[in-house]
Amino acid sequence: MNNKNKEFFFGGEEDEVAVITFTDSDGITVQAEVIANVEIEEFQKEYIATLPIEEIGKYKENNLIILEYSEDEEGNPQFTGITDPEELKDVSDIFMEYFSS
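Nothing here was measured: the structure is a model prediction, and the numbers come from that model. Sequence order sets the numbering: in each chain, residues are counted from 1 along the sequence as written. A pLDDT threshold of at least 70 governs which residues receive local features in this predicted model, and a stricter bar of 80 or more applies before side-chain atom pairs are shown or counted, although totals over entire chains, interfaces and linings include all residues. Side-chain calculation: all heavy atoms of the structure are included, whereas hydrogens and water are not.

Any two strands with at least two DSSP-identified bridges between them are counted as paired. For the purposes of this entry, the term helix denotes a DSSP run of H or I that reaches at least four residues, the term strand denotes a run of E that reaches at least two, and both are numbered from the N terminus. Judged by pairing direction, the sheet is antiparallel, and its 5 strands sit side by side in the order 1-2-3-4-5 without closing on themselves. The open sheet has two free edges, formed respectively by strand 1 (19-23) and strand 5 (77-81), since each of these has just one partner strand. Direction aside, neighbouring strands of the sheet carry axes that sit 50° apart on average. The strands touched by helix 2 (residues 85-100) within the sheet are strand 2 (29-40), strand 3 (45-52) and strand 4 (65-71), with strand 2 carrying the most contacts at an inclination of about 80°. Helix axes are fitted only over the stretch in contact, all axes being lines through C-alpha atoms; the angle between N-to-C directions runs from 0 to 180 degrees. Any two residues whose heavy atoms approach within 4.5 Å are treated as being in contact.

This is the structure:
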């Protein structure tokens, strides 16, 4: 994650939150608060954990949504759902360990 995006997502005041908007493969548009990111060398990828701002469709307010994070050529953030079930389980386990420490 470049410094500009790291500052945007995690460098604000304590009462500020970074919110992203994404549309899933079912066409549901979700606004979610970014709460953490991890880079996993095994997959050579970076991921973010988010929480929906409000319940919408299958997305409940307290359910963690994990997305793959990347940047385009200009450094703008890109978010992609994880389609590989094994990768999703491994990444979820890493985030759960992160949040429990």
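A few words on the pattern of salt bridges. When a carboxyl oxygen of Asp or Glu lies within 4 Å of a side-chain nitrogen of Lys or Arg, that pair is called a salt bridge. Applying the stated rule across the entire model yields 6 salt bridges. Lys58 serves as the salt-bridge partner of Asp24, at 3.6 Å between the closest nitrogen and oxygen. Taken together, the residues Asp24 in the loop between strand 1 and strand 2 and Lys58 in the loop between strand 3 and strand 4 connect sequence positions 34 residues apart. The class of Lys58 is partly exposed, set by a relative accessible area of 48%. Of the charged contacts, one joins Glu68 and Lys45 as a salt bridge, the two residues approaching to 3.6 Å between their closest N and O atoms. Of this pair, Glu68 sits in strand 4 while Lys45 sits in strand 3, and the two are 23 residues apart along the sequence. Under the scheme applied here, a residue whose accessible area is under 20% of the maximum for its type counts as buried, over 50% as exposed, and between as partly exposed, the area being computed with a 1.4 Å probe on protein chains only.

Turning to the pairing of strand 3, a few remarks are in order. Extensive coverage of strand 3 is indicated by the burial of 6 of its 8 residues. Here strand 2 pairs with strand 3 via 8 bridges, running antiparallel. When the sheet's bridge partners are listed, Val34 is paired in strand 3 with Thr50. Counting the residues between successive antiparallel strands, the hairpin from strand 2 to strand 3 contains 4 residues, one of them, Gln44, with a positive phi of roughly 55°. Inspection of the sheet shows strand 3 paired to strand 4 by 5 bridges, in the antiparallel sense.

Attention shifts here to the confidence of the model for the protein chain. pLDDT is a residue-level measure of predictor confidence that goes from 0 to 100. Confidence in the prediction of the protein chain, expressed as mean pLDDT, is 88, and 88% of residues score 70 or more. Strand 3 holds the highest mean pLDDT among the elements of the protein chain, 95, whereas helix 1 (residues 3-10) holds the lowest, 68.

Further remarks concern the environment of Asp93. Examined against the element boundaries, Asp93 turns out to sit in helix 2. Nitrogen and oxygen atoms within 3.5 Å of one another constitute a polar contact, given that in protein one can donate a hydrogen and the other can accept it, and given that sequence-neighbouring residues count only through two side-chain atoms. At 2.8 Å, the side chain of Asp93 forms a polar contact with the side chain of Lys89.

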